[in-house]
Amino acid sequence: MNKTISINISGFVFNIEEQAYEHLKQYLDKIRNNFNNEEERDEIMADIELRIAELFQEKIAPNKEVIVDEDIVQIQDILGLPEDFASDEDEKYHTESDEKTTNDQNQTTKSKRLFRDTDNATFAGICSGLGYYFNVDRVVFRIIFILLFILFGTGVLLYIILWLVVPEAKTTSDKIEMKGGAVNVESIKEHVSNIKQTISDKSKSANVSEKVRGVVDKSVVVGLSVFQAVSKVFGVGFTIGGIFMFVFLMIILFGNSGIIPFIGPDRIDGIPMLIEIIYPGQEPSLLIFISLILVLTIPIIALVTLGVRILFNYRQNIKIVAWTFAIVWSVAIGILFAYNVQLASNFKSDKQIRYSMPLENAGSDELIISVMEDDQFSNHIDPYDNWGAAELVKVDEEFIYFGLPQLKIIAIQDTGDFRVSIIKESHGATTSEAINNIERIDYPIISKGNKLFLSPYLKMPKEDKLRAQYVRVEILVPRGKIVKFGENIDRVLRHLDDEPIPYATHYEGTEWISLRTNFYKKGSGDYNLYKTFVTNGDELIDKILDGRTEEEPDEQEED
Amino acid sequence: MKVENTKAQMRKGILEYCILTILSNKEAYPSEIISEMKEAKLIVVEGTLYPLLTRLKNAELLHYKWVESVSGPPRKYYSLTEAGAEFLKELKNTWTELLTAVQQISKTHQK
């Protein structure tokens, strides 16, 4: 009874008796030692193994399934002694070859490479190839790719890149390299015994010059492996960085419409919508959107491709693909540029119109200012929650809603009536277009008795596009009159600037008396005086002045 | 100077010449080349051939293509490249020259 093991030669599996295996291995190792040039050696060894596989195949018969020692002897007779493989070119290296064995062994274990396994492919054989490379069942990688596909389509990107970069395992030697030496007990045993052998060899033949050369050789090897390790780190960094950038981009571009709702604001439906309401023309969005995606993703693809190439040590030519990408990218940039030039011309004219708003009871002593229910955004917008005005833009079938109207309440010296005016502003290609845009801004204000109801957002027809439309309500409060803040006032009267006290202040329910050019808070013990109330103005923020500070002249009074 | 070395060097050049000659009129895979050379008693074992073929290929004198085999692993079918054909032509000339030279010298010095 003899123990047999199964071996893989050139992608063919044979059962071989253990002793025969040992002899075969020794034989091949000795042959290998004849060759010094690594590339040449790998190729020659692959050819020889191929021939051995062929000879084994001839030996196998229905009633003889196992390769025995005798077969190995016969094969040696056919192929020749290990020395027969040497040609004179190698003879000068021959004495060194023993010493080189460890290096050779290391390199052979490294020679495994990532290929696409088209024999077991679903699409391009990438999962199967990865399976061989990492010694894992290909199903594992298929599951990983499916999961990555769900994650904003990252799997697709990665798959396409690998498809581009990873060569197909066409030849038998590719297939051997792809399958590589599997890490198992045998190969570990092999490795250890080789190291032992070289150590004993070394101790036998150690003279000074060889020792020195050994040190030099070693430092070169160490240097190379450090370089390789560093470049691998870069490879991993590029790949993972690129994938993260891609995921991030997908979140920004598609927001909630991504397959897994991950993060992302819930008030903006993604970039396509923004493009539609910003760029001129009826249906510009698709072209711009595609260009935008290309401009942003191509560099990411390039980065990941570079990473993968470094990581798996690919050198094959991808010039055509690279040029195609470069051209597509330039075209996309060109398209975006053209659209943006056109867009800029749409902002050329700027117009502002002030409308006077009649009040039902302008002569009363107090005015209660409230904000209507916000049916588009929210009644409570946390100033910290805002990452910009884009969050307060919303679009439906007909209208664009913009949730940032400004409110400015000014204390004036005069006595008399409350006065309310609405300032509307817009840009446009021409002045008349800007005026047209202004006239179409819908910002309802309701005056009922001494109550004033403001709308929390402005509304404009979708075809007008976003042209920096903006609305400011100015309320002039004569000396001695009282302003009361009612429901939802904090939706509009709020401070996005980084002044600590206004954040903490909720205006709802407070009362303010206009005194000289400032407001005095009724019922409060402090003497803080507010010059004006302004919502997050781009130009004016209410200043908190304590009683001692000199007043600055209020320009707004001159209005 | 060992006679073994001289023999090996002589044989090496001739082997290359013979391989190129065999491949000059047909494609062949290693075993075919070997059987021809064995018949001519040029080599006895196959091992000598593989490194030579690889080196000739790397020198771009030969190229090969994979051909699936019915009964085993695929085979490398080698053939001459244009450079190989050119190379062979020169070798042939040199060989004829050498042959005449050697024959002449051997004849005059025959005892």
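(A) Region of the structure containing the overall build of chain A. Along its length, chain A carries 17 helices and 19 strands. Here chain A holds 559 residues, and 27% of them are scored as buried. For chain A, the share of sequence-separated contacts (at least 6 apart) that also reach a separation of at least 24 residues comes to 71%.

(B) Inspection of the confidence of the model for chain B at higher detail. All names here are of chain B. The share of residues in chain B with pLDDT of 70 or more is 97%, and the mean pLDDT across the chain is 84. Considering each helix and strand of chain B separately, the mean pLDDT is smallest for helix α1 (residues 3-24), with a value of 82, and largest for helix α4 (residues 82-108), with 89. For this predicted complex, the interface confidence reaches an ipTM of 0.82, while the overall pTM sits at 0.47.

(C) Representation of the sheet that holds strand β6 (residues 393-395) of chain A in the model. Residue and element names in this part refer to chain A. Read from one edge of the open sheet, three strands run β6-β7-β12, paired in antiparallel fashion. Looking at the sheet topology across the chains shown, the edges are occupied by β6 and β12 (458-461). Neighbouring strand axes in the sheet, compared pairwise and without regard to direction, differ in orientation by 20 degrees on average. Two elements, β6 and strand β7 (residues 399-402), share three bridges in a ladder whose sense is antiparallel. Of the residues in β7, the one forming a bridge with V393 is F402.

(D) Layout of the pairing of strand β16 (residues 518-521) of chain A. Two strands pair when backbone bridges link them, and strand β15 (residues 511-515) of chain A and β16 of chain A are joined in this way by four bridges, in the antiparallel orientation. What sits directly across from S514 of chain A, in β16 of chain A, is F519 of chain A.

(E) Structural context of the interface of chain B and chain A. On the chain A side, the residues contacting the 20 residues of chain B number 22 residues. Broken down by secondary-structure element, the contributors of at least two residues to the side of chain B that touches chain A are α1, α3 (49-58) and β2 (72-80) of chain B. Split by residue class, the side of chain B that touches chain A holds nine nonpolar, seven polar and four charged.

(F) Region of interest: the packing of helix α6 (residues 126-134) of chain A against helix α7 (residues 138-150) of chain A. Residues and elements named next belong to chain A. The N-to-C vectors of α6 and α7 enclose an angle of 125 degrees; their axes lie 7 Å apart at closest approach. Relative to α7, the element α6 lies oblique. With respect to the hand of their crossing, α6 and α7 are arranged in right-handed fashion. In this structure, α6 contributes C127, S128, L130 and G131 to the contact, and α7 contributes R138, V140, F141, R142 and F145. A per-class count over the contact of α6 with α7 returns five nonpolar, two polar and two charged.

(G) Highlighting helix α1 (residues 18-33) of chain A. End to end, α1 of chain A covers 23 Å across 16 residues, agreeing with the expected 22 Å (1.5 Å per residue, within 8%). Every buried residue of α1 of chain A is listed here: A20, Y21, L24, I31, R32 and N33 of chain A.

(H) Looking closely at the nonpolar core. Of all hydrophobic cores here, the largest spans 40 residues; its most connected members are L20, L23, L53 and L62 of chain B. Looking at this core, the element that brings in the most residues is helix α2 (residues 38-59) of chain A, giving eight residues. Each residue touching L62 of chain B, except ones within four places of it in the same chain, is listed here: L23, L53, L56, K57, Y78, S79, L80, T81 and G84 of chain B. Counting residues in hydrophobic clusters, the runner-up holds 39 residues, among them L404, V471, L493 and W512 of chain A.

(I) Expanded view of the environment of K521 of chain A. All names here are of chain A. Tracing the sequence through the fold places K521 in strand β16. Judged by the 17 C-beta atoms lying within 10 Å of it, K521 falls in the partly exposed class. For the pair formed by K521 and V483, sequence separation is 38 residues and the distance between their alpha carbons is 9.7 Å.

(J) How the structure looks around the environment of K92 of chain B. All names here are of chain B. By the secondary structure assignment, K92 is in helix α4. The class for K92 is partly exposed, based on 14 C-beta atoms found within 10 Å. Note: C-alpha distance between K92 and T21 (71 residues apart in sequence) is 9.0 Å.

(K) Region of interest: the sheet that holds strand β1 (residues 4-9) of chain A. Residues and elements named next belong to chain A. Here three strands make up an open sheet; going across it, the order is β1-β2-β3 and the pairing mixed. Two strands lie at the open edges of the sheet, namely β1 and β3 (66-67), each paired on one side alone. Summarising the sheet, strand β2 (residues 12-17) and β3 pair through two bridges and their orientation is parallel. Note on β3: the bridge partner recorded for N15 is V66. Where α2 meets the sheet, its contacts fall on β1, β2 and β3, and the angle it forms with β1 comes to roughly 130 degrees.

(L) Region of the structure containing the pairing of strand β5 (residues 366-371) of chain A. All names here are of chain A. By the alternation rule, side chains of β5 split into L367, I369 and V371, which are all buried, and E366, I368 and S370, of which none is buried. Pairing analysis gives four bridges linking β5 to strand β14 (residues 482-485), with the strands arranged parallel. Paired with I368 across the two strands is K484, which belongs to β14. Bridge analysis of β5 against strand β11 (residues 451-454) gives four bridges, and the strand direction is parallel. Residue I368 lies in a different strand from β11, and its bridge partner there is K451.

(M) Spotlight on the confidence of the model for chain A. Residue and element names in this part refer to chain A. Mean pLDDT for chain A: 74, with 72% of residues reaching 70 or above. Per-residue pLDDT, averaged within each element of chain A, yields its smallest value for strand β19 (residues 544-545) (30) and its largest for β11 (92). A low-confidence stretch, residues 88-110 (pLDDT under 50), is modelled with 27 contacts involving residues beyond four sequence positions or located in other chains. Taken together, the stretch residues 535-559 has pLDDT below 50 and engages in 42 contacts with residues farther than four places along the chain or on a different chain.

(N) Main features of the environment of L287 of chain A. Residues and elements named next belong to chain A. Examined against the element boundaries, L287 turns out to sit in helix α13 (residues 285-312). The class of L287 is partly exposed, set by 16 C-beta atoms lying within 10 Å. Along the chain, L287 and I335 lie 48 residues apart, while their C-alpha atoms are 8.2 Å from each other.

How each quantity is defined
- Note on numbering: residues in each chain are counted from 1, in written sequence order.
- The order in which chains are written sets their letters, starting at A; the order in which ligands are written sets their numbers, starting at 1.
- At least 70 in pLDDT is required for a residue's local features to be given in this predicted model, at least 80 for side-chain atom pairs to be given and counted, and no such filter applies to totals for whole chains, interfaces and linings, which use all residues.
- Helix numbers and strand numbers start at the N terminus; a helix is a DSSP run of H or I with at least 4 residues, a strand a run of E with at least 2.
- Exposure is read from a count of other C-beta atoms within 10 Å of each residue's own; the residue is exposed at 12 or fewer, buried at 20 or more and partly exposed in between. C-beta atoms are placed from the backbone.
- Residues are defined as contacting one another if the C-beta atoms placed from their backbone atoms lie within 7 Å.
- Confidence of the prediction at every residue is given by pLDDT, a number between 0 and 100.
- Pairing between two strands is assigned when DSSP locates at least 2 bridges connecting them.
- Fitted lines through C-alpha atoms give the axes, limited to the stretch in contact for helices. The angle between two N-to-C directions lies from 0 to 180 degrees.
- Basically, the charged four are Asp, Glu, Lys and Arg, the nonpolar ten are Ala, Val, Leu, Ile, Met, Phe, Trp, Tyr, Cys and Pro, and anything else, Gly included, counts as polar.
- If an angle is under 35 degrees, it is roughly parallel; if it is over 145, roughly antiparallel; if it lies from 65 to 115, roughly perpendicular; otherwise it is oblique.
- Left-handed is the label given to a crossing in which the near helix is rotated counterclockwise from the far helix by less than a right angle, and right-handed is the label when the rotation is clockwise.
- By this rule the span expected of a helix is its residue count minus one, scaled by 1.5 Å.
- Among buried residues, those of type Ala, Val, Leu, Ile, Met, Phe, Trp, Tyr and Cys that are joined through C-beta atoms within 7 Å form a set called a nonpolar core.

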